Structures are given as C-alpha cells and as structure tokens.
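Residue-level structure breakdown
Listed below are the residues making up each chain.
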Amino acid sequence: GAILAADGRPRLFYTSIGRAQPEQWMAAPADDDLIAWEKPASNPVLTQAAHGGRLVADWRDPFLFREAGATYMVCGGNSGRRMPGSGQVHLYRAENEDLTRWRYLGPVFEYRDRETANIECPNLFKLDGKWVLIISPHRPCEYFVGELDLARAKFIPETHGVLDPGDAYASNISVDDKGRTILWLWGRTNLPAGRGWNGVMVLPRILSLGADGFLRQQPAPELESLRGEEKTFPAIPLGDSPRQIEGLSGDTLEIQAEFSSSGYGSFGFELRRSLDGKPAAVAAIERGSLTVGSARTYIGVHERYRMRLFLDKGCLEAYVNDGFAAIYWPVAATPEDQGIAVFARVGGPRGGAVRLESLKCWPLKPARFDLSRFKI
C-alpha cells in the first residue's frame with residue numbers, strides 16, 4: 001500500500017512474511033524518481049502485539065486510505081486458522097502524521113462464506129458516494145458495495161459481485177489527477193518455464209457505480225491512442241456456421257461489435273483460429289451470460305449486446321454493455337493462429353435469430369514508455 005504522508009512525501013507499506021510472525025513495515029523514498037527507498041529505524045510499524053490478544057493469521061497486504069482527516073489501513077487475513085467462514089479484513093488508524101504508530105480497530109469485515117478461509121489484497125475505497133471493498137479470496141476477486149461505519153469500525157455491504165471471473169487476481173486501486181478510480185489486476189498467463197517470464201498487468205480499468213449499485217469496469221480511454229487504422233464491416237445476419245470476416249484477423253486487435261438477438265442461443269467471436277479453423281479462444285454471449293474460455297458471468301437477457309474485445313498475443317479481455325461485465329483470459333496460440341470468425345448458434349426449441357449490427361476493429365500499436373529520465 002502507498003499513500004502521501006503529512007510532509008507530502010509518499011510512504012510504502014508492505015508485509016514482511018519471512019518471519020514466524022508477519023510484521024508491517026514502512027519505507028520512504030530517497031529520491032524524487034522513487035527508485036531508491038529507505039527503511040526508517042522505527043520499523044516494524046505494526047506487529048501482532050497491536051491486536052491485543054486477538055488471534056490474527058495470514059496477516060498481509062496493507063492498503064491505505066484517508067477519510068475524515070485521518071489515515072486508515074486495511075490488511076487481509078483470517079481469525080486464526082484457515083477454516084470455512086474465517087476470512088477477515090482488519091482495520092487500523094494512524095496515530096501520528098509520520099504513519100509510524102497505528103491503532104488496531106478490529107475486523108472491519110468478516111466473510112461468513114463456507115468457501116472462504118482467508119482473504120488477501122483487500123482494497124477499501126470511496127466510489128460515487130458509496131464504499132467499495134474488493135477482496136482476493138484465493139479464487140476470482142469479489143467486491144462488495146455498501147457503507148463504512150468508522151465509529152463502529154464496520155463495513156456494511158449492500159451489493160456483492162465477482163469482479164472478474166477469469167484468470168485475474170490480486171487487485172489494487174489508484175486515483176489519478178482527474179479523480180478517476182483505476183483498477184489494477186494481475187493477469188495470469190500460465191506460460192511454460194522456458195519462456196523466462198509469466199504474468200501480465202490487466203488493462204487499467206476505470207471504475208464507476210451503476211444505478212443498480214453494482215460496479216462498472218471500462219478500459220481507460222487512453223488506450224485509444226494505441227489504435228491503428230480503423231476497419232469497419234457491414235451488418236450481417238448470422239447463421240449456424242462460423243463466418244470468417246474478410247479483412248478481420250490478427251493477434252493484437254481491439255474489436256467493437258454490437259449484436260441483436262431474439263432468442264436464447266449463443267453468439268460471439270472465435271479468436272486466434274488456426275489454419276484448420278480451431279480457435280484458441282472464444283468470447284460469447286450464451287443464455288444471458290458472457291463466457292470467455294471457461295469463465296462465465298451473468299449479464300441478463302437483452303435485445304442488444306455491445307461487446308468490446310482487446311486481443312494481445314497471449315491474452316484476451318472482453319467487456320460487455322459498457323462495462324457491466326469484464327473477463328480477462330490467457331490465450332495459448334502459435335504466431336500463425338491469426339484467424340477471427342463471428343458465429344451464432346440459435347438452435348433449440350426457442351429458436352431465435354442473431355444479427356451482427358455493427359463491427360469495427362483496430363490493430364493495436366505497442367505502448368511506448370520513455371525511461372530516459374531514470375538512471376538505472
């Protein structure tokens with residue numbers, strides 16, 4: 001976790017877990033470029049002694065926020081042993097401006113879920129007049145929207161959802177100079193050891209709350225600066241066979257499409273198709289759900305669906321209906337697998353028809369970063 005202290009300088013908080021009892025440590029930057037850091041002699045700033053006899057285990061992942069003129073921190077963990085329903089988020093308040101003394105306020109959230117024994121990477125933050133808690137419970141991240149009662153040190157959830165049912169984990173939150181709340185996620189790529197690297201950062205997502213009280217996730221608009229020349233394709237009705245769209249292929253693309261549907265079939269895109277027509281990934285709407293790979297999230301039955309895809313060489317992100325749902329998924333394909341097809345399957349007793357109403361795509365240029373000012 002990181003936050004600006006009273007002197008205007010950032011502080012970095014982290015968990016030292018290479019010990020019998022984890023401790024919370026702090027570091028301060030030694031230069032303006034945040035390359036070198038120093039650990040104050042006051043470390044550790046928090047130990048298990050702060051809990052006053054309460055048993056807290058798997059204590060980790062500090063996240064800091066400010067409210068009502070004070071600095072607070074949440075950490076993940078559980079109630080002492082990994083048992084069903086023991087996952088907890090713990091709340092602390094800074095007792096001085098240097099953020100070197102902290103008071104334990106108690107478990108701000110206890111997840112009474114039989115499948116959850118521990119919580120990692122909690123993020124607690126304000127968004128559009130509500131409080132949002134995101135947790136990583138050793139499966140896809142989940143979120144809760146509700147109210148925070150600081151006097152009682154309790155978060156009271158009102159709505160609950162899965163943040164991204166795909167292969168993304170370990171969320172973090174930042175707020176930029178425009179006041180936007182940005183979600184960051186670690187995307188697994190599951191590459192073989194011989195590749196020399198593994199994992200990516202999922203595209204930065206701008207968070208907001210819908211009128212229904214659930215989160216919306218939209219790709220940052222700055223990603224449009226990576227677009228190459230736009231290609232537009234005509235509207236077409238879709239049959240039961242995948243249809244290769246002439247001029248639509250590649251392994252680094254942004255695709256925007258709108259479908260109309262009058263039935264309960266499935267439709268969407270087959271991506272990174274091999275020469276014999278086998279796709280490495282499928283992004284589809286099926287019976288009111290968005291599916292990518294084996295990940296699925298319910299979005300409801302509508303007459304129109306807007307789908308936005310970001311395809312990179314080793315991964316895929318799909319967004320539907322202006323950020324109502326989002327899924328990250330790793331893609332295993334060879335460089336020759338470039339084909340893309342659109343499909344619909346509308347068989348069954350309810351029948352129906354699917355039409356591709358609009359389709360646009362852009363090849364994506366590599367992102368460029370200027371590191372010249374850093375001395376490495």
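Predicted model only: the values in this text are computed from it and were never measured.

**Re the overall build of the protein chain**
From N to C terminus, the protein chain includes 0 helices and 30 strands. The C-alpha atoms of the protein chain give a radius of gyration of 23 Å, which matches the 21 Å a tight globule of 376 residues would have. Counting only residues that meet the buried cut, the protein chain has 49% of its 376 residues in that class. Long-range contacts, defined as pairs at least 24 residues apart, comprise 54% of the intrachain contacts of the protein chain with a sequence gap of at least 6. Accessible area of the protein chain: about 18400 Å², with a carbon and sulfur share of 51%. One way to put it: in the protein chain the 45 positive side-chain charges average out to a point 3 Å from where the 46 negative ones average out.

**Remarks on the pattern of salt bridges**
On inspection of all chains with the given rule, the structure shows 30 salt bridges. A salt bridge links Glu95 to Arg93, with the nearest nitrogen and oxygen atoms 3.3 Å apart. Accessibility expressed as a relative area gives 26% for Arg93, which makes it partly exposed. The residue Asp322 makes a salt bridge to Arg306 at a minimum N-O spacing of 2.8 Å. Of this pair, Asp322 sits in the loop between β27 (315-320) and β28 (325-330) while Arg306 is found in strand β26 (residues 304-312), placing the two residues 16 residues apart along the sequence. One network of salt bridges, in which partners are shared, links Asp58, Arg60, Arg82 and Glu120.

**Let's talk about the pairing of strand β22 (residues 266-273)**
Counted residue by residue, β22 has 8 buried out of 8 residues, so it is predominantly covered. Pairing between β22 and strand β29 (residues 339-345): 6 bridges, direction antiparallel. Residue pairing in the sheet places Glu270 in a bridge with Ala341 of β29.

**Overview of the packing of aromatic side chains**
The full count for this structure, using the stated rule, is 14 aromatic pairs. For the pair Trp59 and Tyr92, a centre-to-centre distance of 6.3 Å together with 45° between the ring planes defines the contact as tilted. Highlighted residues: Trp59 in strand β5 (residues 57-67) and Tyr92 in strand β7 (residues 87-94), separated in sequence by 33 residues. Taken individually, Trp59 and Tyr92 each receive the classification buried, so the pair is uniform in this respect. The rings of Phe109, Tyr111, Phe144 and Phe155 are connected pair by pair, giving a single aromatic cluster. Of note, Arg188 hangs over the ring of Trp186, and the distance from its end group to the ring centre comes to 4.8 Å.

**Focus: the sheet that holds strand β23 (residues 281-286)**
Strand order in the open sheet made by the 6 strands is β20-β29-β22-β23-β24-β25, with antiparallel pairing throughout. In this open sheet, the two strands that pair with only one neighbour each are β20 (243-249) and β25 (295-298). Taking the axes of each pair of neighbouring strands and ignoring which way they run, one obtains an average angle of 15° across the sheet.

**Some remarks on a nonpolar patch on the surface**
A contiguous nonpolar surface patch, about 230 Å² in accessible area, is contributed by Leu12, Leu34 and Trp37. Tracing the backbone shows Leu34 in the loop between β3 (23-29) and β4 (37-38).

**Focus on the environment of Pro363**
Mapped onto the elements of the fold, Pro363 is located in strand β30 (residues 354-363). The exposure class assigned to Pro363 is partly exposed, which follows from its relative accessible area of 35%. Ignoring anything within four residues of it in the chain, the contact list for Pro363 reads Leu226, Arg227, Gly228, Glu229, Thr252 and Leu253.

**Quick notes on unusual backbone geometry**
The omega torsion of the bond from Asn43 to Pro44 falls at -5°, within 30 degrees of zero and hence cis. Counting through the fold element by element, Pro44 comes out in the loop between β4 and β5. Of note, the phi angle at His138 is positive, near 65°, even though the residue is not glycine. Mapping His138 onto the fold places it in the loop between β10 (130-136) and β11 (142-149). Not every positive phi belongs to a glycine, and Ala153 is a case in point at roughly 55°. Along the polypeptide, Ala153 turns up in the loop between β11 and β12 (154-162).

**Some thoughts on the sheet that holds strand β8 (residues 102-111)**
Spatially, the 4 strands line up as an open sheet ordered β5-β6-β7-β8, and their pairing is antiparallel. If you trace the sheet from one side to the other, it starts and ends with β5 and β8, each paired once. Sheet twist, expressed as the average angle between the axes of neighbouring strands with direction ignored, equals 25°. In terms of strand pairing, strand β6 (residues 70-78) meets β7 through 7 bridges, oriented antiparallel. Following the sheet pairing, Gly77 is matched in β7 by Gln88.

Rules behind the numbers
- Residues numbered from 1 in each chain as written.
- Predicted model: local features only at pLDDT ≥ 70, side-chain atom pairs only at ≥ 80, totals over all residues.
- Heavy atoms only, no water.
- Helix = DSSP H or I, 4+ residues; strand = E, 2+ residues; numbered from the N terminus.
- Rg over C-alpha atoms; globule rule 2.2 N^0.38 Å.
- Buried < 20%, exposed > 50% of the residue type's maximum accessible area, 1.4 Å probe, protein only.
- Contact = heavy atoms within 4.5 Å.
- Areas by Shrake-Rupley, 256 points an atom, 1.4 Å probe, with all protein chains shown as cover.
- Lys, Arg positive; Asp, Glu negative; His and termini not counted.
- Charge placed at Lys NZ, Arg CZ, Asp CG, Glu CD.
- Salt bridge = Lys/Arg side-chain N within 4 Å of Asp/Glu carboxyl O.
- Pairing = 2+ DSSP bridges.
- Phe/Tyr/Trp six-rings, centres within 6.5 Å; stacked < 30°, edge-to-face > 60°.
- Lys NZ or Arg CZ within 6 Å of the ring centre and 35° of its normal.
- Axes fitted to C-alpha atoms, helices over the stretch in contact; angles between N-to-C directions.
- Patch = residues over 30% accessible without salt bridge, like charges linked within 9 Å, V, L, I, M, F, W, Y side chains within 5 Å.

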